[in-house]
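Next come the chains, spelled out residue by residue.
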Amino acid sequence: MSYDQIEVPADGEKITVDEETGELSVPDNPIIPIIHGDGIGTDVGPAAQKVLDAAAEATGRSVSWMRVYAGASARDKYDENLPVDTVSAIRDHRVAIKGPLTTPVGAGFRSLNVALRKKLDLYANVRPTYHLDGVPSPVKNPAAMDMVTFRENTEDVYAGIEWEAGTDEVQKVKEFVEEEMGHDDVIHDGPVGIGIKPITEFGTKRLVREAIEYAIENDRDSVTLVHKGNIMKFTEGAFRDWGYELAEEEFGDVTITEDELWEEYDGEKPEDKIVVKDRIADNMLQQLLTRTADYDVIATMNLNGDYMSDAAGAQIGGLGIAPGANFGEGLCLAEPVHGSAPKYAGEDKVNPTAMILSGRLMFEYMGWKDAGKLIRDAVEKTISEGDVTYDLHRQIEGGNKLATSEYAEKVVENIHELA
């Protein structure tokens, strides 16, 4: 397969997917597209690549990296922000990793990150949150946090439609709401902006399905549906209802509700069951702090998931170490949670841990769990020994402050030592 301005490595093989089972077939030398990203992406991208190479080689494999482009690098090469080449290469090769992207003003997209997710139908944004020994945290017991958030990636505010105050369009919507739908006592007089957000049964159920399947495969105790259904009854309330419905329809033999847990099992969860429960979003945000250990897997809509995963990330040391990945049908695009921080670009100082651990997620999706474990263990060893970048160094005593590239080299050394 050829692309306009992308060179396909000659020494690697494509990852393929069985169309009937949906299972990946991963060679020992896969071609993996990589977008280094904008801003600090030019630093963390190569650093992560070096660590991932080391973990692959330590487990008897190799990665044939294929540079693809989005954002500033794409404008230089293609004179556009998101070329067809990039989207096609990720779709064709099934698994990819990217650094942070900045959407310039007037770019034609709300967000380049969102545009990639939509074009590839990457409907599940997955953000694991766990503490690494040695990372400073604002809470007393950060190790209690070990949670994975499944955030719906194609609906809610990501598919929201808005009309600007003062336009003919917003006036039409306002008149329709008031005159046709009878809600004439809701909108204040004067300028108004109006938006709608879709929540569908289809989008909800495929997201909740992914969350429950993950809980089963990783021996998790519970899946919590997080929503604001007490107020938004027909959108977020429907998300909750469809989530429970999916659990009963497809996983009734392995799931129980929280009510059933107490009514039938006196609160003692059977080993072969997963508890499906729900929480109101604002209550869930405080329970992340007060009852952290009670939550394993979260399934929620887009905006709730954004808030909660960032709040959870703060408890384990911040977004500089928070990994993430986007999943679709036979597709994975791994990416760190943090932004592009352009003022630090090229300074070789920022923390690449989030992108490194995002690569760990990608390897695990590929079935390379041994390489993924090696990455986590090596990163934790590096940080716990005080070898850290400036962001963590300023919070600890007696540490060794390293540049981005030096930190990556130290993690590689520890991979070799642990392998």
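Predicted, not measured: the structure shown is a model, and the values here were computed from it. (Residues numbered from 1 in each chain as written. Predicted model: local features only at pLDDT ≥ 70, side-chain atom pairs only at ≥ 80, totals over all residues. Heavy atoms only, no water.)

**Some thoughts on the sheet that holds strand β15 (residues 331–334)**
Stage number 1. Read across the sheet, 11 strands follow the order β4-β3-β5-β15-β14-β6-β7-β13-β10-β12-β11 without closing on themselves; strand pairing throughout is mixed. The two strands at the open ends of the sheet, each matched to only one other strand, are β4 (64–67) and β11 (255–257). Strand-to-strand, the axes of this sheet are offset by a mean angle of 25°, without reference to chain direction.
Stage number 2. The pairing of strand β14 (residues 325–328) with β15 spans four bridges and is classified as antiparallel. Within β15, the residue paired with asparagine 326 across the bridge is leucine 333.
Stage number 3. Lying over the sheet, helix α4 (residues 112–119) contacts β3 (31–35), β5 (95–98), β6 (124–130), β7 (146–152), β14 and β15, oriented at roughly 175° with respect to β5.
Stage number 4. Set on the sheet, helix α9 (residues 281–290) makes contact with β7, β10 (222–227), β12 (274–280) and β13 (297–300); between it and β12 the angle comes to about 110°. (Pairing = 2+ DSSP bridges. Helix = DSSP H or I, 4+ residues; strand = E, 2+ residues; numbered from the N terminus. Axes fitted to C-alpha atoms, helices over the stretch in contact; angles between N-to-C directions. Contact = heavy atoms within 4.5 Å.)

**Let's talk about the domain arrangement of the protein chain**
Stage number 1. Taken domain by domain, the protein chain comprises domain 1 (1–123 + 326–418) and domain 2 (137–161 + 196–316).
Stage number 2. One C-alpha centre belongs to domain 1, the other to domain 2; they are set 27 Å apart.
Stage number 3. The interface is formed by nine residues belonging to domain 1 together with 13 residues belonging to domain 2.
Stage number 4. Of the roughly 1000 Å² buried where domain 1 meets domain 2, counting both sides, 40% is carbon and sulfur surface.
Stage number 5. Between domain 1 and domain 2 we count one salt bridge in total.
Stage number 6. Residues aspartate 121 and arginine 206 are paired through a salt bridge, measuring 2.9 Å at the closest nitrogen-oxygen approach. (Domains from an automatic or database assignment. Buried area = accessible area lost by both parts, 1.4 Å probe. Salt bridge = Lys/Arg side-chain N within 4 Å of Asp/Glu carboxyl O.)

**Details of the environment of isoleucine 32**
Stage number 1. Residue placement: isoleucine 32 occurs in strand β3.
Stage number 2. Judged by relative accessible area, isoleucine 32 falls into the buried class, the value being 0%.
Stage number 3. Expressed as a C-alpha distance, the spacing of isoleucine 32 and alanine 96, which sit 64 residues apart in the sequence, is 5.4 Å.
Stage number 4. Leaving out residues up to four positions away in the same chain, isoleucine 32 has contacts with Val63, Ser64, Trp65, Met66, Val95, Ala96, Met362 and Met366. (Buried < 20%, exposed > 50% of the residue type's maximum accessible area, 1.4 Å probe, protein only.)

**A few points about the UniProt feature "binding site: Mg(2+)" (unreviewed entry) in the protein chain**
Stage number 1. Following the UniProt record, the feature "binding site: Mg(2+)" (unreviewed entry) maps to Asp306 here.
Stage number 2. Take aspartate 306: it is sitting in helix α10 (residues 302–315).
Stage number 3. Dropping the residues within four chain positions of it, aspartate 306 is found in contact with Arg127 and Arg151. (UniProt positions renumbered as here; feature names shortened; annotations may be inferred.)

**Section: the pattern of salt bridges**
Stage number 1. Applying the stated rule across the entire model yields 29 salt bridges.
Stage number 2. The shortest N-O distance in the salt bridge between lysine 50 and glutamate 409 comes to 3.6 Å. Residue lysine 50 is located in helix α1 (residues 41–58), and its partner glutamate 409 is located in helix α14 (residues 404–418); the two are separated by 359 residues in the primary sequence.
Stage number 3. What makes glutamate 409 partly exposed here is its relative accessible area of 38%.
Stage number 4. With a shortest N-O distance of 3.0 Å, aspartate 370 and arginine 61 are connected by a salt bridge.

**With respect to the UniProt feature "site: Critical for catalysis" (unreviewed entry) in the protein chain**
Stage number 1. Look at the UniProt record and you will see "site: Critical for catalysis" (unreviewed entry) annotated at Tyr158 and Lys228.
Stage number 2. Positionally, tyrosine 158 belongs in the loop between β7 and β8 (161–163).
Stage number 3. We classify tyrosine 158 as buried; its relative accessible area is 16%.
Stage number 4. A polar contact of 2.7 Å, which involves the side chain of tyrosine 158, links it to the side chain of arginine 117.
Stage number 5. On the secondary structure map, lysine 228 appears in the loop between β10 and α7 (236–251). (Polar contact = N/O pair within 3.5 Å; in protein donor to acceptor, adjacent residues only side chain to side chain.)

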